[in-house]
Amino acid sequence: MARLKLSANRATRQHDDLGTSTSMELLGSFYPAQEIVATRLDQIRNAVGQYGERVAADRPRESFMIMILVPRGQRRPAGFEAAYRDGSLGTNAWVHEILKSPVPMPDDDGVRMWGGPNTPFQLAECAPIWPDESPDEFTAPAAGHIGLYGWLRATNARVQRLSQSTYTLLDIATVAGLRAAYAEGRHPRRVAQDALRASPQDLAA
């Protein structure tokens, strides 16, 4: 049995042609640390998830990384070092992954952040898209996935702009198809164009 300490620090991760780098704020007190007791990796993973959810609820829309401190004399569970290093303990689940040089699209912005279950989608020169407090038509299709929710909203905006109508994305595309397109990293404008061309209405731009 090991007594471990969880702490959260503001952090972001940037991707560019040279690789990936993480920037972390180590000074200051971002959030109170928590001590946990664990004997297995799954117990650590669960504790990290619960701690991260509390941090996210108390520090909404912040990008942060969870650190795990093993005090001297405490025995690490088998496989701890490898799991901590590769992120499989969930310590990076709330870190914003930023593309330093978004690839521009014709007549549109490139993607700055694709987001994830706990992090937002963002286009360059635009604010990150977070779920509203009140549910909307994209809440259920996103099923709690924050990045997918923002991508759906961005794609819907392009459907309405290109069609010059009040049609919504869900009028002309299936939820399964949209989830697949997001997983493939397809730009909202491309998806909107393809959905409009495939729709029975004469809406394609």
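So, here is what we can say about the structure in this document. Quick caveat, the model's predicted, so the values are computed rather than measured.

Moving on, we come to the packing of aromatic side chains. Counted according to the given criterion, the structure contains seven aromatic pairs. On the basis of an interplanar angle of 65 degrees and a centroid distance of 5.8 Å, the ring pair of tryptophan 114 and phenylalanine 121 is categorised as edge-to-face. Judged by its relative accessible area of 25%, tryptophan 114 is partly exposed. Considering the side-chain rings of tryptophan 114 and tyrosine 182, the 6.5 Å spacing of their centres and the 65 degrees angle between planes classify their relative orientation as edge-to-face. Of this pair, tryptophan 114 sits in the loop between β6 (111-113) and β7 (122-123) while tyrosine 182 sits in helix α6 (residues 175-183), and the two are 68 residues apart along the sequence. Tyrosine 182 sits in the buried class, given a relative accessible area of 12%. Sitting above the plane of the phenylalanine 30 ring, arginine 59 keeps its charged end 5.9 Å from the centroid.

With 18 residues, helix α1 (residues 41-58) extends 26 Å between its outermost C-alpha atoms, agreeing within 8% with the 26 Å of an ideal straight helix rising 1.5 Å per residue. Listed as buried for α1 are Ile44, Ala47, Val48, Tyr51, Gly52 and Val55. Each buried residue of α1 lies within a common arc of 135 degrees when the element is viewed along its axis, so the set occupies one face. Counted as exposed and oriented over 90 degrees from the buried face of α1: Glu53 and Ala57. On its buried side, α1 packs onto β1 (2-16), β3 (34-38), β4 (64-69) and α2 (80-85).

Cut-off values and rules
- Residues numbered from 1 in each chain as written.
- Predicted model: local features only at pLDDT ≥ 70, side-chain atom pairs only at ≥ 80, totals over all residues.
- Heavy atoms only, no water.
- Phe/Tyr/Trp six-rings, centres within 6.5 Å; stacked < 30°, edge-to-face > 60°.
- Buried < 20%, exposed > 50% of the residue type's maximum accessible area, 1.4 Å probe, protein only.
- Helix = DSSP H or I, 4+ residues; strand = E, 2+ residues; numbered from the N terminus.
- Lys NZ or Arg CZ within 6 Å of the ring centre and 35° of its normal.
- Expected span 1.5 Å × (residues − 1).
- Arc of directions from axis to C-beta.
- Contact = heavy atoms within 4.5 Å.

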